[in-house]
Amino acid sequence: MSQRTVTLSPDRTLLFVTSEYNEEIRLVLRSFSGATWNSQRRVWSLPARHSAALLERLAPFDFLVDSEVASAAAPPAAGPSIESAVESVGEPAPLSVSEVTARVGMAIAERFPQAMWVTGELSSFDKGTLRRHLFFELVEKAPGQDEIASRLSAVIFHQQRVIIEERLSRAAQPLELRDGLNVLVHGRLDFYPRTGRLQLIIDNVDPFFTLGDLARRRQEILDRLAREGILQRNLSLPWPVLPLRIGLITGAESDALHDFLQTLRQSGYGFEVQHYPAAVQGPRLEPEMLGALEFFASRAHALDLVAIIRGGGPRSDLAWFDNLKVARMVATLPVKVVVGIGHERDRSVLDEVAESEKTPTALAEMLVNRVAAAESTLDALAQRLIQRTRQRLLLESERHRHQGRRLWAGARQSLEHSRVLIESQYVVAVRQTWTSRVQIERGHLDQLARQIRPPRLRLLLAKVHTSHQERHRKLLHRPPRLLDQGRFRLDSARSRLLALDPARVLARGYAVVRNQEGLLVKHPGAAPLGSPISIRLASGELGARVETHRLGVDPRLTDAPDDSREVDR
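Bear in mind the structure is a predicted one, so any value in this text is a computation, not a measurement.

About the thresholds
- The residue count restarts for each chain, going from 1 along the sequence in the order it is written.
- Local features in this predicted model are restricted to residues whose pLDDT is 70 or higher, and side-chain atom pairs enter the listing and the counts only when it is 80 or higher, whereas totals over whole chains, interfaces and linings include all residues.
- Neither water nor hydrogens contribute to the side-chain values; these are computed over all heavy atoms in the structure.
- Among buried residues, those of type Ala, Val, Leu, Ile, Met, Phe, Trp, Tyr and Cys that are joined through side-chain atoms within 4.5 Å constitute a nonpolar core.
- Relative accessibility under 20% of the residue-type maximum defines a buried residue, over 50% an exposed one, and the middle range a partly exposed one, all with a 1.4 Å probe and only protein chains included.
- Under the scheme used here, helices are H or I runs from DSSP no shorter than 4 residues and strands are E runs no shorter than 2 residues, and both carry numbers assigned from the N terminus.
- Residues count as neighbours in contact if any of their non-hydrogen atoms are within 4.5 Å of one another.
- Axis angles are defined between N-to-C directions and span 0 to 180 degrees, where every axis is a line fitted to C-alpha atoms and, for a helix, only to the segment in contact.
- Just so you know how the angles are binned, under 35 degrees is roughly parallel, over 145 roughly antiparallel, 65 to 115 roughly perpendicular, and the rest oblique.
- Take the far helix as your reference; a near helix turned counterclockwise from it by less than a right angle gives a left-handed crossing, and one turned clockwise gives a right-handed crossing.
- Each polar contact in these results corresponds to two N or O atoms within 3.5 Å; when the atoms are within protein, one needs to be able to donate a hydrogen and the other to accept it, and residues that are neighboring in sequence are counted only if both atoms are side-chain atoms.
- Should DSSP find at least two bridges between two strands, the strands are regarded as paired.
- One speaks of a salt bridge when a side-chain nitrogen belonging to Lys or Arg is within 4 Å of a carboxyl oxygen belonging to Asp or Glu.
- Centre distance within 6.5 Å is the pairing criterion for rings of Phe, Tyr and Trp, where only the six-membered ring of Trp is used; planes under 30 degrees apart are then read as stacked, over 60 as edge-to-face, and the remainder as tilted.
- Only residues whose relative accessible area exceeds 30% and that form no salt bridge are eligible for patches; like-charged ones are grouped when within 9 Å, while nonpolar side chains (Val, Leu, Ile, Met, Phe, Trp, Tyr) are grouped when within 5 Å.
- In short, Shrake-Rupley with a 1.4 Å probe defines the accessible areas, and a residue's cover is counted only from the protein chains shown.
- pLDDT runs from 0 to 100 and stands for how confident the predictor is about each residue.
- Only Asp, Glu, Lys and Arg are considered charged, only Ala, Val, Leu, Ile, Met, Phe, Trp, Tyr, Cys and Pro nonpolar, and every remaining residue, Gly among them, polar.

Ranked by size, the top nonpolar core spans 35 residues in total, and within it Ile-249, Leu-293, Ile-308, Phe-321, Val-330 and Leu-350 carry the most contacts. Elements supplying a minimum of two residues to this core: helix 7 (207-228), helix 9 (285-297), strand 13 (305-309), helix 11 (324-331), strand 14 (337-340) and helix 12 (349-353). Take this core: its biggest share by element is six residues, from helix 9. Aside from chain neighbours lying at most four places away, what touches Leu-293 is Ile-249, Ile-308, Val-326, Met-329, Val-330 and Leu-333.

Quick look at the packing of helix 9 against helix 11 now. At a minimum axis distance of 9 Å, the contact between helix 9 and helix 11 shows a crossing angle of 15°. As the angle between them shows, helix 9 and helix 11 are arranged roughly parallel. The way helix 9 lies across helix 11 gives a crossing that is left-handed. Where helix 9 abuts helix 11, its residues Leu-285, Glu-286, Met-289, Leu-290, Leu-293 and Glu-294 lie against Lys-325, Val-326, Met-329 and Val-330.

It is worth spelling out the side chain of Arg-57 at this point. Mapping Arg-57 onto the fold places it in helix 2 (residues 51-58). Within the structure, Arg-57 has its side chain in polar contact with the side chain of Ser-31 (distance 3.2 Å). Beyond its immediate chain neighbours, meaning those up to four positions away, Arg-57 contacts Val-28, Ser-31, Phe-32, Ala-102, Arg-103, Gly-105 and Met-106.

Moving on to the sheet that holds strand 18 (residues 540-545). The antiparallel open sheet is built from three strands, whose spatial order is 16-17-18. Each edge of the open sheet is held by one strand with a lone partner, namely strand 16 (512-514) and strand 18. Going from strand to strand, the sheet's axes swing by 25° on average, the running direction of each strand aside. By the bridge criterion, six bridges tie strand 17 (residues 532-537) to strand 18 in an arrangement that is antiparallel. Bridge assignment links Ile-535 to a residue of strand 18, and that residue is Leu-542.

On to the pattern of salt bridges, then. Tallied over the full model, the rule gives 19 salt bridges. When the shortest N-O distance is used, the salt bridge between Glu-121 and Lys-141 registers 3.1 Å. With Glu-121 in strand 6 (residues 116-123) and Lys-141 in strand 7 (residues 134-141), this residue pair connects regions lying 20 residues apart in the sequence. We note a salt bridge from Arg-161 to Glu-165, for which the minimum N-O separation is 2.9 Å. Remark: Glu-165 and Arg-161 occur in helix 6 (residues 158-169); sequence separation between them is four residues, near one turn of the helix. Overall, Glu-165 belongs to the partly exposed group, its relative accessible area being 41%. Where salt bridges share partners, they join Arg-224, Glu-228 and Arg-328 into one cluster.

Attention shifts here to the pairing of strand 7. Across three bridges, the pairing between strand 6 and strand 7 is antiparallel. The residue bridging Ser-123 from the neighbouring strand is Glu-137, located in strand 7. In this sheet, strand 8 (residues 148-156) lies alongside strand 7 in antiparallel orientation, the contact comprising eight bridges. In the strand pairing of strand 8, Phe-135 is matched with Val-155.

For the coordinates displayed, the defined rule picks out five aromatic pairs. Ring centres of Phe-125 and Phe-136 lie 5.1 Å apart, and the angle between their planes is 70°; this geometry places the pair in the edge-to-face category. With Phe-125 in the loop between strand 6 and strand 7 and Phe-136 in strand 7, the pair connects residues that are eleven residues apart, well separated along the chain. Given a relative accessible area of 5%, Phe-125 falls into the buried group.

Attention now moves to the sheet that holds strand 3 (residues 36-38). Judged by pairing direction, the sheet is mixed, and its five strands sit side by side in the order 3-4-2-1-5 without closing on themselves. With one partner strand each, in any of the chains shown, strand 3 and strand 5 (64-65) form the two edges of the open sheet. In this sheet, strand 5 lies alongside strand 1 (residues 5-8) in parallel orientation, the contact comprising two bridges. Looking at strand 5, one finds that Thr-5 is bridged to Leu-64. Sheet contacts for helix 2: strand 1, strand 2 (14-18), strand 4 (43-47) and strand 5; angle to strand 2, the most-contacted strand, approximately 15°.

Where nonpolar side chains cluster on the molecular surface, the patch consists of Val-241, Leu-242, Leu-378 and Leu-381 and spans about 370 Å² of accessible area. Tracing the backbone shows Leu-242 in the loop between helix 7 and strand 11 (245-250).

All right, on to the confidence of the model for the protein then. On average, residues of the protein score 81 in pLDDT, and 89% of them are at 70 or above. Predicted confidence is poor over residues 77-90, with pLDDT under 50, and the contacts of this stretch with residues over four places away or in other chains come to six contacts. Low confidence marks residues 557-569, where pLDDT is under 50. Its contacts with residues over four positions away, or in another chain, come to 13 contacts.

Next up on the list: helix 11. Buried within helix 11 are the following residues: Val-326, Ala-327, Met-329, Val-330 and Ala-331. Buried positions along helix 11 lie against helix 7, helix 9, strand 13, strand 14 and helix 12. Where helix 11 begins, one side-chain oxygen reaches toward the backbone nitrogen of Lys-325, 3.0 Å away; that side chain belongs to Asn-323.

With that out of the way, let us pick up the packing of helix 7 against helix 11. The interhelical angle for the contact between helix 7 and helix 11, taken along N-to-C directions, is 40°, at an axis separation of 10 Å. Comparing their axes, helix 11 and helix 7 come out oblique. Crossing handedness for the pair helix 7 and helix 11: right-handed. Within the contact between the two elements, helix 7 uses Ile-221, Arg-224, Leu-225 and Glu-228 and helix 11 uses Leu-324, Ala-327 and Arg-328. Residue composition of the contact of helix 7 with helix 11, by class: four nonpolar, no polar and three charged.

Following the sequence through the fold, Glu-137 ends up in strand 7. Expressed as a C-alpha distance, the spacing of Glu-137 and Leu-122, which sit 15 residues apart in the sequence, is 6.1 Å. The contacts of Glu-137, once residues within four sequence positions are left out, are Glu-121, Leu-122, Ser-123, Arg-151, Leu-152, Ser-153 and Ala-154. One polar contact links Glu-137 to Arg-151, side chain to side chain, over a distance of 2.5 Å.

Spelled out as structure tokens, the structure:
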């Protein structure tokens, strides 16, 4: 141990104190106003007027005191003093400010001789982060209220700040100190007499206490949402089939915004992103995030989902998302919410009430994959539809051909049957008619024979005989002519039927066009541009696609010509 001394300057105005480093001695010396430390000479200097108080405070530390210092500290031999005047009336002697602050310092040193652990909430911390030394306050709030019940000044000096920040950054869950965090700090109380300021000099911060408090507050919010019955409400909303219309909430011009949009653009899909800038950390997060959510809630009908993203950062930054109002708004939003807030291991309250991805890029890739999956599903359905349509067209074509053959065979059979029936009925009718006429005429002849005389009878008989011969001749020639006329009408009917046969129409170069619904195309509007069509030919079928429409065609060309008169007679 080096020698501890107290000496007086030659002009008897200053006291010089030398000692090895001792924290308690340093605190005592600093408690005197005007005390300064000379780093080159490694000696403390303070005004000589503090001689008596200094020797009293340094008595427990075994200092060698110069005789001049001792004499200067001795009370005057004669003459009344203020102390004696005060003591004469029964009151303690008055103290100077330095003596009061010295006693306060001694009382604090005696009551808090060692460093200790203190819990409290950081206040006024953020505004001093750009300074070399961190000066802030530890506050304690009344239970369940925001009103501060007690506060204590604190400081972290630069050298210790570097050590603490490095230790917090290397923790399993990196942590950054900020306003509003509950912390457990280690330090010692120090009273600075020059300003009369009591402060806690911090040399260590326990990250596990703060992380545990953040986890506790996060769980309290989740329990509150569960009691309200809305914890899983947004999670239960179905995923949109094609999540292309996205409402995006993140900071303006952030890396998270750039990475998210870049991933969507590179996919080649038609994503429509509406960005609403909002703070993703700090005290502005709550009002700006609520404003963004209200904005997208009013436009839910025009969105497929809402994305909330931010870049990486310490666990303490993530705690800004552990906000009851924001979580309640997300849980009750009428459109599905997805979050990607840049943490691989940590989860916030928003990760529990909405769909979650670890990073903004991972979230964008998930959306791209969902659109790609929907595209694959649509392609597969389209292929199945095309295959089913082709099968149905082939089936219908075969059915139509079969029905055509049956129709043609039935028509020929019916035509032949009708011809035979007509011929037989016609012959019978002619025979019946002329038999009846002959019988009538014979009756007339018999009646005339009874009425006329033989000469006239012979004449009349000759006439009748001649008439009968003429009629007999006509009867012999008329039925074949009638039969020929019947056959001619039958042949004409057969020719018209053959002319109307679809196969013969197709054989003459015409075609039957049907649209993709299988309906006949009689005008351009029945086959939209780009739609597939099938063309039935005389000996096969073609598949085609409509490339152009040409209106104003001669209406006489819209229907097939009537070939009913083109019959070989």
